[in-house]
Amino acid sequence: MQNLNNSIYNRGNEYFIQEQNMKSLCETYETPFYMYDANYMLKKYDSLKKYLCWNNTKIFYAMKANYNPHLLKIMRDHGFYLDTVSPSEVMLALKLGFERDHIMFTANNMTDEEMNQVKEQGVMFNIDSLVRLEKYAKEYAGSAICIRVNPNVIAGENEKVQTGGDQCKFGILLSDIPKVLKIAKQHNLRIVGVHEHTGSGISDLTKVFKSMNNVLDILNPIDFPDLKFVDFGGGFKVQYDPNEKPIDYAEFGAKAGQLFQNFCMGYGRELEMYFEPGKYIVADGGCFVVQVNTIKNNNGRLIVGTNSGFPHLIRPVFYGAYHHIINVSNPEGTPHKYDIYGNTCESGDCFACERELPEIRIGDYLVIQNAGAYCRSMASEYNLRAFPSEYIVYNNEVITSKKRISNAELAERILSDYGIED
Ligand code: LLP
């Protein structure tokens, strides 16, 4: 029976995505490839919607986590709202048919050009500095905006993804709210939303409630008479390591709903509560498959070489992130400790160190789990290896979403990108 911890489940010693046998998928499609379980991602969205039981809750999926357009189309048909961070994300979302009022734009260090481009698209702006607020107010006096504040709480699964606290580049400090109000008043801006995002992968829910309270504490109907929503960002944690204790989001949702209801009673009218999850929706609905082509026994240290590397999936190298790995080719093999390496010219290019796995042999397929969020979307073509192909399992059918281009095509493309004729 499948739970909502991962889209891949095992029956006996075989692994499946929906009714598709993982080993057969690995043998059918050329590796390396990403594979996403779209139905599972929709289930994750539905679960969160159910847990966040305040009547007026909207979930904006943070499309930076995975902007695969086939997935986005499926999400659009399911009624998703979107959190976007760049003009191109906004443009892609609109081209895919998302409604303008289903899109929130939260750019950090926005340029004037970006501001004007996105303003033309007519989506909601979330402004995260006083400098930008001044410029926006002068250019677009009288319009409706959202303000991103810094909740003054430090949380998140590693330092690089913590976005709160006064040493951090994000949001307007709570102590600067009087300045926000002054600018808004001078230019007749209507502050319809207030936003905060504390960090990614937050395991300590007391920190989440602290952020929520810190923001709600500054909001009152006199200073913020036009308020329609409060947006509490993303940061919902997923279990990267199956041994991690799962977070009870049903309990979280009930408490958050209560907190917000109490706030609205004090405020004097019902507001909307927004969240912007990325990881929670897509991380555990995706995997990345590589194949083993080299094994070295260096004085007892078992070094496994694969046909991909950190340019395709950077989280272990960049954040020290744990990604669970399954040897689908030999699930009953005798376990050994392995270092699983990539194929780039850097010794840090390691997917997993000293990882116990069933015996790995040349040609075996390794499935790297929890690769649906911030993996393909953070990939590069470093060392000039083309992006992996991407497949989507939807209603138990495997859809080819994006094919990997050939080595020759990549070389050609580089020449053409730089305007060099062959
Ligand atoms: N809202 C805002 C304003 C954000 O900056 C982010 C993520 C989210 C929502 C979604 O956060 P999530 O629910 O996915 O935690 N690349 C990192 C994560 C970076 C998150 C950046 N901002 C990783 O792979 O762990």
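For the structure itself, consult the block above.
Everything numeric here is computed off the predicted structure, so don't read it as measured data. (Residues numbered from 1 in each chain as written. Predicted model: local features only at pLDDT ≥ 70, side-chain atom pairs only at ≥ 80, totals over all residues. Heavy atoms only, no water.)

Could you give an account of the overall build of the chain, naming the residues involved and the relevant values?
The helix and strand tally for the chain stands at twelve helices and 21 strands. In terms of C-alpha radius of gyration, the chain reaches 23 Å, essentially the compact-globule figure of 22 Å for 422 residues. By principal-axis analysis of the C-alpha atoms, the chain measures approximately 70 × 55 × 40 Å. Burial statistics for the chain: of 422 residues in total, 55% are counted as buried. Look at the contacts in the chain between residues 6 or more apart in sequence, and 68% of them connect residues 24 or more apart. Surface accessibility of the chain: about 18,800 Å² in total, with carbon and sulfur atoms responsible for 48%. In the chain, which carries 43 positive and 52 negative side-chain charges, the distance between the mean positions of the two groups comes to 3 Å. (Helix = DSSP H or I, 4+ residues; strand = E, 2+ residues; numbered from the N terminus. Rg over C-alpha atoms; globule rule 2.2 N^0.38 Å. Buried < 20%, exposed > 50% of the residue type's maximum accessible area, 1.4 Å probe, protein only. Contact = heavy atoms within 4.5 Å. Areas by Shrake-Rupley, 256 points an atom, 1.4 Å probe, with all protein chains shown as cover. Lys, Arg positive; Asp, Glu negative; His and termini not counted. Charge placed at Lys NZ, Arg CZ, Asp CG, Glu CD.)

I'd like a description of the pairing of strand β21 (residues 397–402), backed by residues and values.
Across a regular strand the side chains alternate sides, sitting on one face of the sheet and then on the other. Of the strand pairs in this sheet, strand β20 (residues 389–394) and β21 are connected by five bridges, and their pairing is antiparallel. The partner of Glu 390 across the bridge, within β21, is Lys 402. The antiparallel pairing of β20 with β21 creates a hairpin that spans two residues between the two strands, and Asn 395 there sits at a positive phi of about 50°. (Pairing = 2+ DSSP bridges.)

Explain the site of the ligand to me, using residue names and the numbers behind them.
As a matter of local geometry, the ligand sits amid 18 residues, with Ser 200, Glu 276, Lys 279, Arg 315 and Tyr 374 nearest to it. Within the side chain of Ser 200, an N or O atom sits 2.4 Å from an oxygen atom of the ligand. The side chain of Tyr 374 places a nitrogen or oxygen atom 2.6 Å from an oxygen atom of the ligand. The fraction of the free accessible surface of the ligand (570 Å²) that becomes covered by protein chains is 92%. Classifying every residue of the shell around the ligand by side-chain character gives six nonpolar, six polar and six charged. (Near = heavy atom within 4 Å. Polar contact = N/O pair within 3.5 Å; in protein donor to acceptor, adjacent residues only side chain to side chain. Nonpolar A, V, L, I, M, F, W, Y, C, P; charged D, E, K, R; others polar.)

Tell me about the side chain of Lys 44, residues and numbers included.
For Lys 44, the location among the structural elements is in helix α2 (residues 38–51). Judged by relative accessible area, which is 2%, Lys 44 ranks as buried. Among the polar contacts listed, one links the side chain of Lys 44 to the backbone oxygen of Tyr 280, at a separation of 3.3 Å. A polar contact is formed between the side chain of Lys 44 and the side chain of Asp 284, at a distance of 2.8 Å. When residues no more than four places from it in sequence are discounted, the contact partners of Lys 44 are Leu 4, Val 238, Tyr 280, Ile 281 and Asp 284.

Go over the pattern of salt bridges with me, naming the residues and quoting the values.
Inspection of the entire model under this criterion finds 21 salt bridges. Between Glu 27 and Lys 23 there is a salt bridge, and its shortest N-O distance comes to 3.9 Å. A residue pair is termed a helical-turn pair when its members lie 3 or 4 positions apart in one helix, as Glu 27 and Lys 23 do in helix α1 (residues 22–28) at four residues. Residue Lys 23 is classed as partly exposed on the basis of its relative accessible area, which comes to 34%. We note a salt bridge from Glu 157 to Lys 237, for which the minimum N-O separation is 3.2 Å. Here Lys 237 lies in the loop between β12 (229–231) and α9 (249–267) and Glu 157 lies in the loop between β9 (144–150) and β10 (172–173), a separation of 80 residues in the sequence. On the basis of relative accessible area, Glu 157 is assigned to the partly exposed category, the value being 28%. (Salt bridge = Lys/Arg side-chain N within 4 Å of Asp/Glu carboxyl O.)

If you had to explain the nonpolar core to someone new, which residues and values would you point to?
In this structure, Tyr 61, Leu 219, Phe 252, Phe 260 and Ile 340 are the most contacted members of the largest nonpolar core, which totals 101 residues. Leaving out residues up to four positions away in the same chain, Leu 219 has contacts with Val 194, Phe 224, Leu 227, Val 230 and Phe 263. Core analysis: the second largest hydrophobic core is formed by 16 residues, Ile 8, Ile 17, Phe 33 and Tyr 391 among them. (Core = buried A, V, L, I, M, F, W, Y, C linked by side-chain atoms within 4.5 Å.)

Which residues make up the sheet that holds strand β1 (residues 8–11), and what values do they have?
Strand order in the open sheet formed by three strands is β1-β2-β3, with antiparallel pairing between adjacent strands. The open sheet terminates on both sides in strands that have one partner only, identified here as β1 and β3 (20–21). For strand β2 (residues 14–17) and β3, the ladder comprises two bridges, and the chain directions are antiparallel. Considered in β3, the bridge of Ile 17 is made with Gln 20.

Quick rundown of the state of the cysteines? Include the residues and the values.
What we call a disulfide is simply a covalent bond connecting the sulfur atoms of a pair of cysteines. Applying the stated criterion to the full structure yields zero disulfides. Looking at the unpaired Cys 168, the closest cysteine sulfur is the one in Cys 146, lying at 17 Å. With no disulfide of its own, Cys 375 has Cys 287 as its nearest cysteine by sulfur position, at a separation of 11 Å. Accessibility expressed as a relative area gives 0% for Cys 375, which makes it buried. (Disulfide = S-S within 2.5 Å.)

Function cannot be inferred from these measures alone, as they are strictly geometric.
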